[in-house]
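# Geometric and topological summary
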Amino acid sequence: MTSSTLLTPTRTPRRPGTDRAGLVARADQRAYIRLLVVLDTAVLALAVLVGYLARFGDEEPVGSKIPYVVVAPALVLTWLLSLKVLRCYDDRVLGYGADEYRRVSAASLRLAGGTAIAGYIADVGVSRGFLAISFAAGMLGLEMARFAARKRLHRARSRGRGWSRKVLVVGDTAHVLELVHQLRREPYAGYHVVGACIPDALLAPVPQRLGDVPVVGSFRGIPEAATAIGADTVAVTASGELTASRLRRLGWQLEGTGVDLVLAPALTDVAGPRIHTRPVAGLPLIHVEAPEFRGARKLVKGFVDRAAASVALGFLLPLLAVIALAIKLDSRGPVLFRQIRVGQGGEEFGVFKFRTMVLNADALLAELAARNETNGLMFKMRDDPRVTRVGRVLRKWSLDELPQLANVLLGQMSLVGPRPPLPSEVARYDGDVARRLLVKPGMTGLWQVSGRSDLSWEDGIRLDLYYVENWSLAADLAIMWKTFGAVVRSRGAY
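Residues numbered from 1 in each chain as written. Predicted model: local features only at pLDDT ≥ 70, side-chain atom pairs only at ≥ 80, totals over all residues. Heavy atoms only, no water.

### Things to note about the overall build of the chain
- Per the secondary structure count, the chain includes 15 helices and 12 strands.
- Each of the 494 residues in the chain was classed as buried or not, and the buried ones make up 44%.
- Just so you have it, the chain exposes about 25,600 Å², and 63% of that area is on carbon and sulfur atoms. (Helix = DSSP H or I, 4+ residues; strand = E, 2+ residues; numbered from the N terminus. Buried < 20%, exposed > 50% of the residue type's maximum accessible area, 1.4 Å probe, protein only. Areas by Shrake-Rupley, 256 points an atom, 1.4 Å probe, with all protein chains shown as cover.)

Printed below as a string of structure tokens:
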């Protein structure tokens, strides 16, 4: 979601017999790839078995010119070969981004199509039902196995372990520091900065550090610096001295060393679907499409929001009734709390929530202002004395937000979007933050699934603006899926 998602590795071909100078052997990387091969093999074997049992059960298959004891292993081996050919084990796509899932799906679908055509031409008599069930179960199983393996890798990386790339960052001081900050903000991406190269003019006669990143050289000796620190990736960020010809020569110098060259453009927080690289006059120009705030996709999003909200309200009515009764028995006051918030285009509306505080909560706010635990415009306090006993439970599991389904049904909110701000917060917005109001506020969003109250104001705003600029229906589904995990873990909820 940050510039780390814009890093595009360009692997140079390795010359036969050339030593992999500067590249440390990654035993954990090879172990991860071996794990994927084992998982894929197990999933495919199980899928073929499921296909056979679902199609034939205890019956003896007839009509096939080739026995299924041969067909089944051949299908598994061919499927694994298809995954290999489509580079589903390429370390550049493993562990981050959607390209890994797309390649797995493409390999499976191409094999299914090829198998269907080959079976028809050769007339081998293999059951189409067996193949259909096997391919459906196998493709779903492969995606689930990759997802589970990726989550395991992400947890290891977040704890400072697991397979990660060792990155040498090259660029001006300010841009190096910015890129280092962005890469460290998402450690699960697997880019571990081990050193930096800066322009000659900025070098000092004594060892230098940019924050805690050691400066290991200048632009004159980038390949040598990568070798010295064992980096397997050189990430080039903005610098006036890194001209096109100099970058081209750097690519030549890294050729055959096994070190990847990646370019990190100054353009940040723009998602892939809005970016298109087009070669013009020998230059790979990056074309950035404008964000979409209206049109057919917006109409579809509104329809999906209201339909889902109406179904959810009907399904959750018993739970809503139990929560209402608990609030009424716990403390004096109404069950629902209606607060004025600011929606799309600056229009104010009343947001519905289950009451989680005492009746005079607003009057007590001034006394607690000095104990605010956030550095932005919001008030957040981990042990807020205004919160009731039932309110703490509701907040822990985000159940107090459920009445906002009514706001979604009324068209005032969306299921996914930025947090609806207070008018007092909006009055202090600057021009950048005000862009949050270009879309409808949501019940959940990137802020909520990334840590909620544990995030700083700046990080929360960055995530909201990223959503505003790059929203899509697919992203909405992913955020709603992640919301369940965030609620179960109760991370940042208080």
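Next comes the rest of the description.
### A word on helix 14 (residues 457-470)
- Helix length check: helix 14, at 14 residues, gives a terminal C-alpha distance of 20 Å against a target of 20 Å (1.5 Å per residue), a fit within 8%.
- With 11 of 14 residues buried, helix 14 is to be regarded as a mostly interior element.
- Those residues of helix 14 that sit buried are Trp457, Gly460, Ile461, Arg462, Leu463, Asp464, Tyr466, Tyr467, Val468, Glu469 and Asn470. (Expected span 1.5 Å × (residues − 1).)

### Focus on the sheet that holds strand 1 (residues 165-170)
- Across the sheet, six strands lie side by side as 3-4-2-1-5-6; this open sheet has mixed pairing. Only two strands of the sheet have a single neighbouring strand rather than two, namely strand 3 (209-210) and strand 6 (260-263).
- Set on the sheet, helix 5 (residues 173-185) makes contact with strand 1, strand 2 (191-198), strand 3, strand 4 (213-218) and strand 5 (233-236); between it and strand 2 the angle comes to about 175°. (Pairing = 2+ DSSP bridges. Contact = heavy atoms within 4.5 Å. Axes fitted to C-alpha atoms, helices over the stretch in contact; angles between N-to-C directions.)

### What to know about the side chain of Asp464
- Tracing the chain through its elements places Asp464 in helix 14.
- Those residues within four positions of Asp464 in sequence are excluded, and the remaining contacts are Pro418, Arg419, Arg436 and Trp447.

### Brief notes about the packing of aromatic side chains
- Going through the model one piece at a time under the given rule, you end up with seven aromatic pairs.
- The cationic tip of Arg297 hangs over the ring face of Trp471; the distance from NZ or CZ to the ring centre is 4.4 Å.
- If you follow Lys298 out to its NZ or CZ, it ends over the ring of Trp471, 4.5 Å from the centre. (Phe/Tyr/Trp six-rings, centres within 6.5 Å; stacked < 30°, edge-to-face > 60°. Lys NZ or Arg CZ within 6 Å of the ring centre and 35° of its normal.)

### Observations concerning the confidence of the model for the chain
- In the predicted model, the chain carries a mean pLDDT of 83, and 85% of its residues have values of at least 70.
- Averaged pLDDT values over the elements of the chain bottom out at 64 in helix 9 (residues 361-368) and peak at 96 in helix 11 (residues 404-409).
- Overall, residues 1-25 carries pLDDT values under 50, and its contacts beyond four positions in sequence, including any with other chains, amount to 74 contacts. (pLDDT = per-residue confidence, 0-100.)

### Here we look at the pattern of salt bridges
- Evaluation of the coordinates by the stated rule reveals 19 salt bridges.
- Across the pair Asp330 and Arg389 runs a salt bridge, and its minimum N-O distance is 3.0 Å. Pair noted here: Asp330 is in helix 8 (residues 296-330) and Arg389 is in helix 10 (residues 389-396), with a separation of 59 residues, a long-range link.
- We note a salt bridge from Arg436 to Asp464, for which the minimum N-O separation is 2.8 Å. (Salt bridge = Lys/Arg side-chain N within 4 Å of Asp/Glu carboxyl O.)

### Here's the deal with unusual backbone geometry
- If you check the backbone angles, Arg87 has positive phi at about 60° while not being a glycine.
- Mapped onto the secondary structure, Arg87 falls in the loop between helix 2 (68-85) and helix 3 (99-122).
- One non-glycine residue, Ser398, lies in positive phi territory at about 60°.
- Here Ser398 shows up in the loop between helix 10 and helix 11.
- A residue is classified by how much of its surface remains accessible, and Ser398, at 17% relative accessible area, is buried.

### So, a positive patch on the surface
- There is a patch of like positive charges on the surface, built from Lys151, Arg152, Arg155, Arg159, Arg161 and Lys482.
- Looking at the positive patch element by element, the count peaks at three residues for helix 4 (residues 128-158).
- Secondary-structure assignment places Lys482 in helix 15 (residues 473-489).
- Residue classification places Lys482 among the partly exposed residues on the basis of a relative accessible area of 39%. (Patch = residues over 30% accessible without salt bridge, like charges linked within 9 Å, V, L, I, M, F, W, Y side chains within 5 Å. Lys, Arg positive; Asp, Glu negative; His and termini not counted. Charge placed at Lys NZ, Arg CZ, Asp CG, Glu CD.)

### Some words on the environment of Cys88
- Note on placement: Cys88 falls in the loop between helix 2 and helix 3.
- Among the residues examined, Cys88 registers a relative accessible area of 1% and is labelled buried.
- Counting along the chain gives 15 residues from Cys88 to Arg103, while the straight-line C-alpha distance between them is 5.9 Å.
- Ignoring anything within four residues of it in the chain, the contact list for Cys88 reads Leu83, Leu94, Arg103, Val104, Ala107 and Arg146.

### Some points on the pairing of strand 10 (residues 348-354)
- Judged by how many residues are buried, strand 10 sits mostly within the fold: five of seven residues are covered.
- Note: strand 9 (residues 336-342) against strand 10, seven bridges, orientation antiparallel. Considered in strand 10, the bridge of Gln339 is made with Val351.
- Here strand 9 folds back onto strand 10, and the loop between the two strands holds five residues, one of which, Gly345, carries a positive phi near 70°.

### Overview of helix 5
- Between its first and last C-alpha, helix 5 extends 18 Å over 13 residues, near the 18 Å set by a 1.5 Å rise per residue.
- All of the buried residues in helix 5 are Val176, Leu179, Val180, Gln182 and Leu183. Each buried residue of helix 5 lies within a common arc of 165° when the element is viewed along its axis, so the set occupies one face.
- Elements that come into contact with the buried residues of helix 5 comprise strand 1, strand 2, strand 3, strand 4 and strand 5. (Arc of directions from axis to C-beta.)

### A word on the pairing of strand 1
- Counting buried positions along strand 1 gives six out of six residues, so the element sits mostly inside the fold.
- Residues Arg165, Val167 and Val169 line one face of strand 1 and the alternating positions Lys166, Leu168 and Val170 line the opposite face, and both faces are buried.
- The pairing of strand 1 with strand 2 spans six bridges and is classified as parallel. Within strand 2, the position partnered with Lys166 by the bridge is His192.
- As paired elements, strand 1 and strand 5 share four bridges and run parallel to each other. Looking at strand 5, one finds that Val170 is bridged to Val236.

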